[in-house]
Amino acid sequence: MKTLPRCFFAAIASSLFGFASLAHAATDADVLKSFSPYSTGMPSFAGLASGMKIDKDNVDRFKDALDAGTFMMVKNGWYEIKTAPTTSFDVVPKYVEATRANLNKTRLGDKPGEIIGYAGGRPFPEEPQESDPRAGEKIAWNFRYSAGETFTIRPVQWKYRNLMSGKVERSLLVNVHALKFKYRVETPPTPEIQPNPSNLLNATYLMVNEPMDLKNTQLLIQRYDNDLKLDDAYMYFGFQRRVRRLSTGQTTDAFLGSDTMIEDFGGYNARVSETQWKFNGTRNMLLPFYNHNELTLSDEYKDPTGFRYVAFTGQGGCFPDVRWQLRKVHIVTGVPLLASHPVSRRVFLFDAQTNTIAVSLIYDRKGELWKVGLLGKTHPDYQMASNKGAGVPIDDSGTMIDVQAKRCSTGQFKSFIDPKLNPPSFFQVQQLRSGD
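Residues numbered from 1 in each chain as written. Predicted model: local features only at pLDDT ≥ 70, side-chain atom pairs only at ≥ 80, totals over all residues. Heavy atoms only, no water.

**Q** Looking at this structure, I do not really get the packing of aromatic side chains. What am I missing?
**A** The geometry of two aromatic rings is summed up by the distance between their centres and the angle between their planes. Under the defined criterion, the tally for this structure stands at 22 aromatic pairs. When the centroid spacing of 5.8 Å and the interplanar angle of 75° are considered together, the rings of Phe 143 and Phe 350 count as edge-to-face. Pair noted here: Phe 143 is in helix H5 (residues 135-144) and Phe 350 is in strand S16 (residues 343-351), with a separation of 207 residues, a long-range link. With respect to burial, Phe 143 and Phe 350 carry one shared label: buried. Each ring, one from Phe 181 and one from Phe 427, has its centre 6.5 Å from the other, and the planes form 85°; the classification is edge-to-face. Taken together, the residues span a long stretch of sequence, with Phe 181 in the loop between strand S6 (168-180) and strand S7 (200-210) and Phe 427 in the loop between strand S20 (407-416) and helix H6 (429-434) at a distance of 246 residues. Residue class for Phe 427 comes out buried when judged on its relative accessible area of 0%. Three or more aromatic residues joined by ring pairs form one cluster here, namely Phe 143, Tyr 268, Trp 277, Phe 348 and Phe 350. Here Arg 345 stacks its cationic end above the ring of Tyr 363, 3.8 Å away from the centre of that ring. (Phe/Tyr/Trp six-rings, centres within 6.5 Å; stacked < 30°, edge-to-face > 60°. Helix = DSSP H or I, 4+ residues; strand = E, 2+ residues; numbered from the N terminus. Buried < 20%, exposed > 50% of the residue type's maximum accessible area, 1.4 Å probe, protein only. Lys NZ or Arg CZ within 6 Å of the ring centre and 35° of its normal.)

**Q** I would appreciate a short explanation of the environment of Leu 163 in the present structure.
**A** Inspection of the secondary structure puts Leu 163 in the loop between strand S5 (150-162) and S6. For Leu 163 and Lys 406, which are 243 residues apart along the polypeptide, the C-alpha to C-alpha distance reads 5.0 Å. Not counting residues within four places of it along the chain, the set of residues in contact with Leu 163 comprises Trp 78, Gln 315, Gly 316, Cys 318, Phe 319, Ile 401, Lys 406 and Arg 407. (Contact = heavy atoms within 4.5 Å.)

**Q** Would you mind showing me how to read the side chain of Asp 67 here?
**A** By secondary structure assignment, the location of Asp 67 is in the loop between strand S1 (53-54) and helix H3 (68-75). Buried Asp 67, no salt bridge; nearest opposite-charge side chain is Arg 283, N-O distance 8.5 Å. A distance of 2.7 Å separates polar atoms of two side chains, one belonging to Asp 67 and the other to Thr 70. Excluding residues that lie within four positions of it along the chain, Asp 67 makes contacts with Met 285, Leu 349, Val 359 and Leu 361. (Lys, Arg positive; Asp, Glu negative; His and termini not counted. Salt bridge = Lys/Arg side-chain N within 4 Å of Asp/Glu carboxyl O. Polar contact = N/O pair within 3.5 Å; in protein donor to acceptor, adjacent residues only side chain to side chain.)

Structure below.
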């Protein structure tokens, strides 16, 4: 009997794979549902009406609308959640157009960290399915390539607090700058900033202005388009006047003595390939999404422009005094692949419309809840006038609560979407030396 050549079977397998991919191909309807999840009606949860306050007396009724960490903290009487009507956070139209233009061009490689054919927009706009073993990874890629090309927080009012007494143990004043180098659709130059000889995807630069003992401490993180390539991270210490390259392990240390790791920035600040991802389903849940100008804001700082920061409330002053919205949420578990990692797993709540992380639960090596991270997002049309129409949710407040050590690190942000604040030169190692 004549043996068929191996290439024949390869061709058949390729055809079957292509047919399967075609059968599950994303459509324009998927794109619409991804970016406009509330076009057919706002989300609901039994017994919950916008404007209600959730506290320790009624929180049991809304357990399934909250993550486990926030539920526990409300149940303890540490925090009361104010609710408000759901707002559609419409994503910048050119990003949606790029998603349509590149529909079904992207696919995952054979192992985590490999993505093939991505050219812009949301790589996987189709509804995630629990039957898909790589659905969580696709959501992680959507997060990595989420909308937004420039971002500045100037400044972050950062405080380290004792959760039980409310004592402020440390206050910092920090500037943060972020820039996307590739897959740009909104701000010239598009689609890429040139020159880009290192093939960077994005970069983040941070500088401490106060207190004096940390003044001019700077951090630079350069992330490559190739997710399998390790990030480059550098620290500049003003008192030493030298730049140090950070090892991989240092990104999971307490950053400047806070309750936050570098890896925690923005909800998750590491490569897709460093984590095993599992999609745990989609449901309507409460997230700290809000309209900044509709809040009762803080009078603590006298900003010369009249800008007012989000106030903090609750146990120890550790919780943002904001209104939470009921939103469509993708729940994803991330397990670090590094055996020595201090975290056993994270549970992320991804807002389905913007694919950003608003809540993260961090579990220690023993599997016990260690920290709860809340990242408050304001609609850009309800904050500073200069941000109106930005088409991306704006990081507006944040807290990392260590429920074991009973400490928290809180952040009040004055955030800008302004490309003039982020020249590419900011994101080079030379900037660390010149910033002093």
